[in-house]
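Residue-level structural notes
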Amino acid sequence: MPTVAVVLAGGVGERLGLKMPKQLVKIAGKTVVEHTLAAFEKSPVIDKVLVLMAPGYLDEVEAIVARAGFTKVSGVIAGGRTRSDTTRKAIEAMGGIECKMIIHDAVRPLVSQRIIADSVRALDRFEAIDVAIPSADTIISVDDVDGEEVISDIPDRSRLRRGQTPQGFRMSTLRRAYDLAAADPDFTATDDCGVVRRYLPDVPIHVVPGDENNLKITHPIDIHLADKLFQLNSNPMPAEISGAERAELLTGKTMVVFGGSYGIGKATGDLAAAHGATVLSFSRSTTGTHVENAGDVAEALKQANAETGRIDYVVNTAGVLRIGKLADTDDAVIEEALRVNYLGPVHIARASAPYLAETRGGLLLYTSSSYTRGRAGYSLYSSTKAATVNLVQALADEWSDVGVRVNCINPERTGTPMRRQAFGDEPAASMLTADEVASTSVDVLISSMTGHIIDVRRAAPAAVTTTK
């Protein structure tokens, strides 16, 4: 039996105070609906996806689908005036086929692969399912007494659940419930499980465990929470890729590396070159290129484009690490840190934009784990690295329409000359190598990822087993 995911995207964002549907708001470099569609596109248990969008915005969603290359999306049609009207339209669009139908709110972009798979699997045994999580809060019922709310009941919290989506049904069951509802002049419903429960009371509705992260974007704070969850919980990594695949994707491409004379920059350039890319490296020590100087950056990119006729990837690893208390730091050191670590990426981004737009290429910047929490002695470095993260997220949003990808690598402590200069010799086993960071860097550049902060961590030591 085929499985169809129906993504309901009919909301207009009134509670968010927006002039556009909330599913078109961008989070982590993509619109909310694109994140949601990507989850169903990725799922191996979903065969087809149907999108029901608020009238007047179908073209925007069709453009998103085309740009992202979602092959499972079979159609984008206008939703109805209410949730139940929209579901009716989905049922009509499916015709008379029998299938498993998974209905999901477009504004729940963090739905997990586990929830999708469990929901589809449960429909092998049940005709209807809902996704829900236990309530951590006490739920109260209230009555109105003289214009004031007073508690009328406190239900047993152990039996209460907070409903989420997806909700799932065998098509014949959902169609039968809505046929009965159509004959009821007093019909009202807020969700599809409610329709089945009211008109088919003998059909049990199975509960699939949900997830706290599967939040619904309803209020302004939800946008910020969802964005942070994408950063903290998804921990995106590029798909594993073979050397042959790297060569296929990199051959004929041009990569420009700023800060490429040593460390991570050199390792990234060397790896890309080994797989067929033309790599041009610029640094203050080898080419006299200062990233804090906008003219130097523009000239480097102009030279690279003149030599190869294109620029597909731009990487910036140039930076300075100055440790010390801010009150004891002289003006020259402060100026250098701010100009190199922040103005440098800004200059590179601005100058790279037209070249990368032509090739639909990618920009890769680097941050530090200290960006999440400023530490004593790191005030300048941490704050500029935090600014770099925000720059990446903003640019991923700004450049999404022209197909330019922007990401940021956040490596664990790495054995580079810059680190050794600041901290002296440290145990090699406690740090990443530049080659390890370079491997992830190249794979991120040739991936479709954008707007992500990618953590690169040392592999956990292998477990030691003993035999008696």
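In what follows, the structure referred to is the one given above.
This write-up is about the structure you can find in this document. (Residues numbered from 1 in each chain as written. Predicted model: local features only at pLDDT ≥ 70, side-chain atom pairs only at ≥ 80, totals over all residues. Heavy atoms only, no water.)

**Re the pairing of strand β1 (residues 3-9)**
For clarity, the threshold we go by: We call a residue buried when its accessible area falls under 20% of the maximum for its residue type, exposed when it is over 50%, and partly exposed in between, using a 1.4 Å probe and counting protein chains only. The way it works is that DSSP assigns letters per residue, a run of H or I at least four long becomes a helix, a run of E at least two long becomes a strand, and they are numbered from the N terminus. In this analysis, strands are considered paired if DSSP registers two or more bridges between them.
Along β1, seven of the seven residues are buried, which leaves the element largely enclosed by surrounding structure. Side chains Thr3, Ala5, Val7 and Ala9 of β1 all project onto a buried face; the interleaved residues Val4, Val6 and Leu8 project onto the opposite face, where all are buried too. Examined bridge by bridge, β1 and strand β6 (residues 100-105) share six bridges and lie parallel to one another. For Thr3, the partnering residue across the bridge sits in β6 and is Lys100. Bridge analysis of β1 against strand β4 (residues 48-53) gives six bridges, and the strand direction is parallel. Looking at β4, one finds that Ala5 is bridged to Val49.

**Notes on the packing of aromatic side chains**
For clarity, the cut-off: Note on aromatic pairs: the rings of Phe, Tyr and Trp (six-membered ring only in Trp) are paired at centre separations within 6.5 Å, and the planes decide the class, stacked below 30 degrees, edge-to-face beyond 60, tilted for the rest.
Per the stated rule, a full pass over the model turns up three aromatic pairs. On the basis of an interplanar angle of 65° and a centroid distance of 6.4 Å, the ring pair of Tyr178 and Phe187 is categorised as edge-to-face. With respect to burial, Tyr178 and Phe187 carry one shared label: buried. The interplanar angle of 45° and the centroid separation of 6.0 Å between the aromatic rings of Phe187 and Tyr199 together place this pair among those described as tilted. Of this pair, Phe187 sits in the loop between α5 (171-182) and α6 (192-199) while Tyr199 sits in helix α6; the two residues are twelve residues apart in sequence, bridging distant segments of the chain. Residue class for Phe187 comes out buried when judged on its relative accessible area of 16%.

**Thoughts on a nonpolar patch on the surface**
Using the following cut-off: Like charges are joined within 9 Å and nonpolar side chains (Val, Leu, Ile, Met, Phe, Trp, Tyr) within 5 Å, but only among residues with over 30% relative accessible area and no salt bridge; these make up the patches. Computed with the Shrake-Rupley method and a 1.4 Å probe, the accessible areas treat only the protein chains shown as cover for residues. Salt bridges, as used here, are contacts in which a Lys or Arg side-chain nitrogen is within 4 Å of a carboxyl oxygen on Asp or Glu.
On the surface, Ile140, Val142, Ile151 and Ile154 cluster together into a nonpolar patch covering about 350 Å² of accessible area. Checked against the element boundaries, Ile154 lands in the loop between β9 (148-153) and β10 (161-163).

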